[in-house]
Amino acid sequence: MTEFIENIFSSIFGNNVILATILIAFVPVIELKGAIPFSMSTEIWGQSALSLWEAFACGLLGSCLVVPILALIYEPLIRWLKTTKLFKSIASKFEEKVNKKRQKIEDNNLQEKTEKRRILKRFWGVFIFVAIPLPFTGVWTGTCIAVALGLGFWRSCLAVVTGNIVAGIIITIITMFFGDASLIFFYILVGLILLLVIIALIKLLIDKKKNNDMIDKNCEN
């Protein structure tokens, strides 16, 4: 398994571990949670593997690149995707999930009497959400939640980036102690992405078949 992955990445990136780490950390779900143990793995990169601080810095850079971009385009992008036939269902479900997570944070603010304190609690809610290094609690989802909470551009970026720093420190420490065994994070996250892609494709095919069936029925009538 490791040799297969090594061959794939060596054919794409050669020995440029830094570029590979930055690009992998940019990918949703994987982010720095998978990029840090990936870049420090001597099984994959041999002597080219990054040091602890190099892996942390590259993973943090790659995962944080998306934050300001997504903070600016999330709402108009979701609105546009919901107008398309192909992505309408996916966009609606993603927005629904983001709103559910947003509501959980909002529910903790109900007793706050001032807007300033509510915003502060929202900020820390997003920070804690991103700081816990679990699947689907990273910068992509965190940024969307921050925007949905109305934190604004700068507060959203600050909450997500600082939370991401904490998550990166936790993953780096785990990788430092467990070494190549921590590659399990990377494999699990890659597996989740493949599973999500397969589910999305199946759903698109099912929706397409339903639409075709409806068209055929209408034509018969």
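Criteria and cut-off values
- Residues numbered from 1 in each chain as written.
- Predicted model: local features only at pLDDT ≥ 70, side-chain atom pairs only at ≥ 80, totals over all residues.
- Heavy atoms only, no water.
- Helix = DSSP H or I, 4+ residues; strand = E, 2+ residues; numbered from the N terminus.
- Buried < 20%, exposed > 50% of the residue type's maximum accessible area, 1.4 Å probe, protein only.
- Contact = heavy atoms within 4.5 Å.
- Areas by Shrake-Rupley, 256 points an atom, 1.4 Å probe, with all protein chains shown as cover.
- 1 Å grid on protein atoms, 1.4 Å probe; cavity = no way out; pocket = protein on both sides within 12 Å on 5 of 7 lines; lining within 4 Å.
- Points joined across faces, edges and corners; volume = space filled by probe spheres on them.
- Nonpolar A, V, L, I, M, F, W, Y, C, P; charged D, E, K, R; others polar.
- Expected span 1.5 Å × (residues − 1).
- Phe/Tyr/Trp six-rings, centres within 6.5 Å; stacked < 30°, edge-to-face > 60°.
- Salt bridge = Lys/Arg side-chain N within 4 Å of Asp/Glu carboxyl O.
- Axes fitted to C-alpha atoms, helices over the stretch in contact; angles between N-to-C directions.
- Left-handed = near helix turned anticlockwise from the far one by under 90°.
- pLDDT = per-residue confidence, 0-100.

Scanning the protein for helices and strands turns up 11 helices and 0 strands. Along its sequence from the N terminus, the protein presents helices and strands in the succession α-α-α-α-α-α-α-α-α-α-α. Across the 221 residues in the protein, those meeting the buried criterion constitute 39%. A fraction of 70% describes how many contacts in the protein between residues 6 or more apart in sequence connect residues 24 or more apart. Carbon and sulfur atoms provide 68% of the accessible area of the protein, an area that totals close to 13000 Å².

Once that is clear, we can look at the layout of surface pockets. When its volume is computed, the largest pocket comes out at roughly 1200 Å³. Taken together, 31 residues line the largest pocket, and the ones lying closest to its centre are Ile90, Phe94, Lys97, Phe136 and Leu196. Elements that contribute at least two residues to the lining of the largest pocket include exactly α6 (66-81), α7 (88-107), α9 (139-148) and α11 (183-220). With 8 residues, α11 is the largest single contributor of residues to the lining of the largest pocket. Here the lining of the largest pocket is composed, by residue class, of 23 nonpolar, 3 polar and 5 charged.

Attention now goes to helix α8 (residues 115-131). Under the 1.5 Å per step criterion, the end-to-end length of α8 is 24 Å for 17 residues, consistent within 8% with the ideal 24 Å. Against α7, α9 and α10 (153-178) lie the buried residues of α8.

In this section: the packing of aromatic side chains. Tallying each qualifying case throughout the model produces 9 aromatic pairs. Aromatic pair Phe38 and Trp45: ring centres 5.5 Å apart, planes at 80 degrees, arrangement edge-to-face. Ring-pair connections join several aromatic residues into one group, and the members of that group are Phe38, Trp45, Phe186 and Tyr187.

Turning our attention to unusual backbone geometry. At Val29, a position not held by glycine, the phi torsion is positive, near 75 degrees. Relative to the elements of secondary structure, Val29 occurs in the loop between α2 (17-26) and α3 (31-40). Residue Glu31 is not a glycine yet carries a positive backbone phi of 50 degrees. Summarising the element assignment, Glu31 is placed in helix α3. Overall, Glu31 belongs to the buried group, its relative accessible area being 3%.

Before going further, it helps to spend a moment on the pattern of salt bridges. Going through the model one piece at a time under the given rule, you end up with 3 salt bridges. In this structure, Lys33 and Glu31 form a salt bridge, with 3.7 Å as the shortest nitrogen-oxygen distance. Glu31 carries the same exposure label as Lys33, and that label is buried. Ionic pairing is found between Glu96 and Lys100, a salt bridge with its closest N-O pair at 3.7 Å. You can see Glu96 and its partner Lys100 sitting in helix α7, 4 residues apart, about one turn around the helix.

To continue, consider the packing of α3 against helix α5 (residues 52-64). Two numbers describe how α3 lies on α5: the axes approach to 9 Å, and their chain directions differ by 145 degrees. Judged by the twist between their axes, the crossing of α3 over α5 is right-handed. Packed against α3, whose contacting residues are Glu31, Leu32, Ile36, Ser39 and Met40, the element α5 presents Leu52, Ala55, Phe56, Gly59, Leu60 and Ser63 at the interface. Here the contact of α3 with α5 is composed, by residue class, of 7 nonpolar, 3 polar and 1 charged.

A few words now on the confidence of the model for the protein. The share of residues in the protein with pLDDT of 70 or more is 89%, and the mean pLDDT across the chain is 84. Confidence scores differ between elements of the protein, with helix α1 (residues 2-13) showing the lowest mean pLDDT of 65 and α5 the highest of 94.

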